[in-house]
Amino acid sequence: MKSIYEQTGRIFDIQRYSIHDGPGIRTIVFLKGCYLRCKWCCNPESQEYGIQEMIRGGKKEIMGRDVTVAEVMDEIAADRIYYARSGGGLTLSGGECMAQPEFAEALLRAAHDYGFNTAIETTAFASREVVQRLLPHVDHFLMDIKHMNSDKHEEFTSQRNEKILENAKYIAENANHLVIRVPVVPTFNATPSEIADIARFADSLPNVTELHLLPYHRLGQDKYTGLGRTYLLDGIAPPTADTMNMLLETAQSVSTKLHVQIGG
Ligand code: SF4
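The structure contained in this document is the topic of the report that follows. (Residues numbered from 1 in each chain as written. Predicted model: local features only at pLDDT ≥ 70, side-chain atom pairs only at ≥ 80, totals over all residues.)

Here we take up helix H1 (residues 69-77). Considered for burial, the residues of H1 that qualify are Val69, Val72, Met73 and Ile76. All buried residues of H1 fall inside an arc of 100° around its axis, so they share one side. Packed against the buried residues of H1 are strand E2 (26-31), strand E5 (65-68), strand E6 (89-93) and helix H3 (101-113). (Buried ≥ 20, exposed ≤ 12 C-beta atoms within 10 Å, placed from the backbone. Helix = DSSP H or I, 4+ residues; strand = E, 2+ residues; numbered from the N terminus. Arc of directions from axis to C-beta. Contact = placed C-beta atoms within 7 Å.)

On to the environment of Thr209, then. Among the secondary structure elements, Thr209 is positioned in the loop between helix H7 (192-204) and strand E10 (210-215). For Thr209, the contacting residues outside a window of four places in its chain are Lys257, Leu258 and His259.

Turning our eyes to something else, we now look at the nonpolar core. Core analysis: the largest hydrophobic core is formed by 68 residues, its most contacted members being Val29, Ala104, Leu107, Ala124, Met143 and Ile180. If near-sequence neighbours (up to four positions away) are discounted, Val29 is found in contact with Ile11, Ile14, Val72, Leu90, Leu92 and Leu107. (Core = buried A, V, L, I, M, F, W, Y, C linked by C-beta atoms within 7 Å.)

In a packed pair of helices, the relevant descriptors are the angle between the two axes and the axis-to-axis distance. Contact geometry for H7 and helix H9 (residues 241-254): axes closest at 8 Å, N-to-C directions at 40°. Taken together, the axis directions place H7 and H9 in an arrangement best described as oblique. Of the two possible hands of crossing, H7 and H9 adopt the one that is right-handed. Along the contact surface, H7 presents Pro192, Ile195, Ala196, Ala199, Arg200 and Asp203, while H9 presents Leu247, Thr250, Ala251 and Val254. Among the residues making up the contact of H7 with H9, the classes are represented as seven nonpolar, one polar and two charged. (Axes fitted to C-alpha atoms, helices over the stretch in contact; angles between N-to-C directions. Parallel < 35°, antiparallel > 145°, perpendicular 65-115°, else oblique. Left-handed = near helix turned anticlockwise from the far one by under 90°. Nonpolar A, V, L, I, M, F, W, Y, C, P; charged D, E, K, R; others polar.)

Mapped onto the fold, Ile120 is located in strand E7 (residues 117-122). Take Ile120: there are 29 C-beta atoms within 10 Å of it, and that puts it in the buried class. The spacing of Ile120 and Met143 is 23 residues in sequence and 8.0 Å in space, taken between C-alpha atoms. Not counting chain neighbours up to four residues away, the residues in contact with Ile120 comprise Thr91, Leu92, Cys97, Leu134, Val138, Phe141 and Leu142.

With an omega dihedral of 5°, the bond running from Gly94 to Gly95 counts as a cis peptide bond. On the secondary structure map, Gly95 appears in the loop between E6 and H3. The backbone of Tyr17 sits at a positive phi, close to 65°, despite the residue not being glycine. Structurally, Tyr17 can be placed in strand E1 (residues 8-18). Its identity is not glycine, yet Ser158 carries a phi of approximately 85°, on the positive side. Looking at the secondary structure, you find Ser158 in the loop between helix H5 (150-157) and helix H6 (162-174).

Burial analysis of E2 places six of its six residues in the buried class, which makes it a mostly covered element. Note: E1 against E2, five bridges, orientation antiparallel. Directly across from Ile14, in E2, lies its bridge partner Val29. Here E2 pairs with E6 via five bridges, running parallel. Bridged to Val29 within E6 is Leu92. (Pairing = 2+ DSSP bridges.)

By nearness alone, every residue bordering the ligand is listed as Cys34, Leu36, Arg37, Cys38, Cys41, Asn43, Ser46, Gln47, Gly94, Gly95, Glu96 and Thr123. The residue makeup of the shell around the ligand, split by class, is four nonpolar, six polar and two charged. (Near = placed C-beta within 6 Å.)

The structure is reproduced here in structure tokens:
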């Protein structure tokens, strides 16, 4: 039988020394492939599972490579001293790591073998079977809830939200730790009533104590050009600090137990 270290998967980046995607100092592994097509996505090179060419700074770059868990763990283990000192570890991001469940599970199990804690950034648009498969190997879930209205969710992300909300409840009941994150995107969800709806839902989830409001930014816009794609939120400005503070107060006002903050 194949060991977890021989399992292969497809990634497009590894970033070291992150302090925003889980506790402590972390290494982020970005997996290729996502079921959603969020209009604001700052990693459009993550969406297709296929390997792509992207032009950046006038140069052609290949986005995507196939790797074994052993190869990825060699890179991750180089920073073991930082994880030990800071309480950090491995975070899987993407894309959607649940779109490569065999590889994601093998990476998470390998990280635990090494004694590193694990986190995943996910939208949990996946079957219950996949969620159950990954759950025992995840110490920290960082889960996006983007909108409570399924029609609007579909209009801006290409998928409806029912499966996501059901999985959020299941993860909240069964995970070690779950943080709910909301990308705050003008024209999509940056109004008091829309944020209040999400905050009420997050507040209703058992064991959830943190809600993070993440302001939309346009840092990924150039990548769309580099992939020959059109940036669909052209002309939409990021929310102002005043707007974010107002939405923070809104979320706090409807919650009974959440610590709400701006940023991750
Ligand atoms: S879920 Fe995340 S990776 Fe997937 S399209 Fe949306 S923002 Fe991009």
